[in-house]
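Residue strings, one per chain:
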Amino acid sequence: MIKFLLMVNKQGQTRLSKYYEHVDIGKRAVLEADVVKGCLFRKKEECSFVEYKDYKLVYRQYAALFIVVGITDNENELSIYELVHNFVEVLDKYFSRVIMFNLDKVHIILDEMILNGHVVETNKNRILAPLLALDKMAES
């Protein structure tokens, strides 16, 4: 099960966080700081899977952005690794450039892909269908 997803820049600032189980606000800041330290300072040659407390962390770097997913022990790391790549491909397909000003739409994309910590959709066209419908309604 997916516990959380973070998008973090190279400076370690969280740009987006999505939690699939309750974590107190105070604990989130500590969790995010520890996770960022654990992933950002690793070498490119090192594995993209890290064990951290009760989680396994799966992360990928895209340019200046790191996407980190915290999962349970029984979740398949490679499937989550591919999910992150699929997520980035969907973002790239929808946004031509800047996504940081459209975080509400990024949340919609995540909600289409992941429900209650479980992957429910990976088809790019089906993921983007609600956003494209919203865009079409906004134009008219």
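Our subject is the structure listed above.
Quick summary incoming for the structure in this document.

Cut-offs and rules
- Residues numbered from 1 in each chain as written.
- Predicted model: local features only at pLDDT ≥ 70, side-chain atom pairs only at ≥ 80, totals over all residues.
- Heavy atoms only, no water.
- Helix = DSSP H or I, 4+ residues; strand = E, 2+ residues; numbered from the N terminus.
- Expected span 1.5 Å × (residues − 1).
- Bend = angle between axes of the 7 residues up to and from the residue.
- Buried < 20%, exposed > 50% of the residue type's maximum accessible area, 1.4 Å probe, protein only.
- Contact = heavy atoms within 4.5 Å.
- Polar contact = N/O pair within 3.5 Å; in protein donor to acceptor, adjacent residues only side chain to side chain.
- Pairing = 2+ DSSP bridges.
- Axes fitted to C-alpha atoms, helices over the stretch in contact; angles between N-to-C directions.
- Parallel < 35°, antiparallel > 145°, perpendicular 65-115°, else oblique.
- Left-handed = near helix turned anticlockwise from the far one by under 90°.

Right, let's talk about helix 4 (residues 124-139) for a bit. Taking 1.5 Å of rise per residue, the 16 residues of helix 4 would be expected to cover 22 Å, and the 22 Å separating its terminal C-alpha atoms lies within 8% of that figure. Roughly 35° is the biggest bend found in helix 4, and it falls at Pro130. The complete set of buried residues in helix 4 reads Ile127, Leu128 and Leu131. Close packing links the buried residues of helix 4 with helix 2 (77-94) and helix 3 (103-113). A side-chain oxygen of the first residue of helix 4 lies 2.9 Å from the backbone nitrogen of Asn125; this N-cap is Asn123.

Taken in spatial order, the 5 strands line up as 2-1-5-4-3 in an open sheet, and their pairing is antiparallel. The two strands at the open ends of the sheet, each matched to only one other strand, are strand 2 (14-19) and strand 3 (49-52). The average undirected angle you get between the axes of adjacent strands in this sheet is 20°. As paired elements, strand 1 (residues 2-9) and strand 5 (residues 65-71) share 7 bridges and run antiparallel to each other. Among the inter-strand pairings, Met7 is bridged to a residue of strand 5, identified as Ile67. Packing of helix 1 (residues 25-40) onto the sheet brings it into contact with strand 1, strand 2, strand 3, strand 4 (55-62) and strand 5, and relative to strand 1 it is tilted by some 65°. Helix 2 contacts strand 1, strand 3, strand 4 and strand 5 of the sheet and is inclined by roughly 35° relative to strand 4.

The subject of this paragraph is the packing of helix 2 against helix 3. The relative placement of two packed helices comes down to the angle between their axes together with the axis-to-axis distance. Across the interface, helix 2 lies against helix 3 with an axial gap of 11 Å and an inter-helix angle of 135°. With respect to helix 3, the axis of helix 2 lies oblique. Once helix 2 is placed against helix 3, the crossing between them reads as right-handed. The residues of helix 3 that touch helix 2, namely those facing Leu83, Asn86, Phe87, Val90, Leu91 and Tyr94, are Lys105, Val106, Ile109, Leu110 and Met113.

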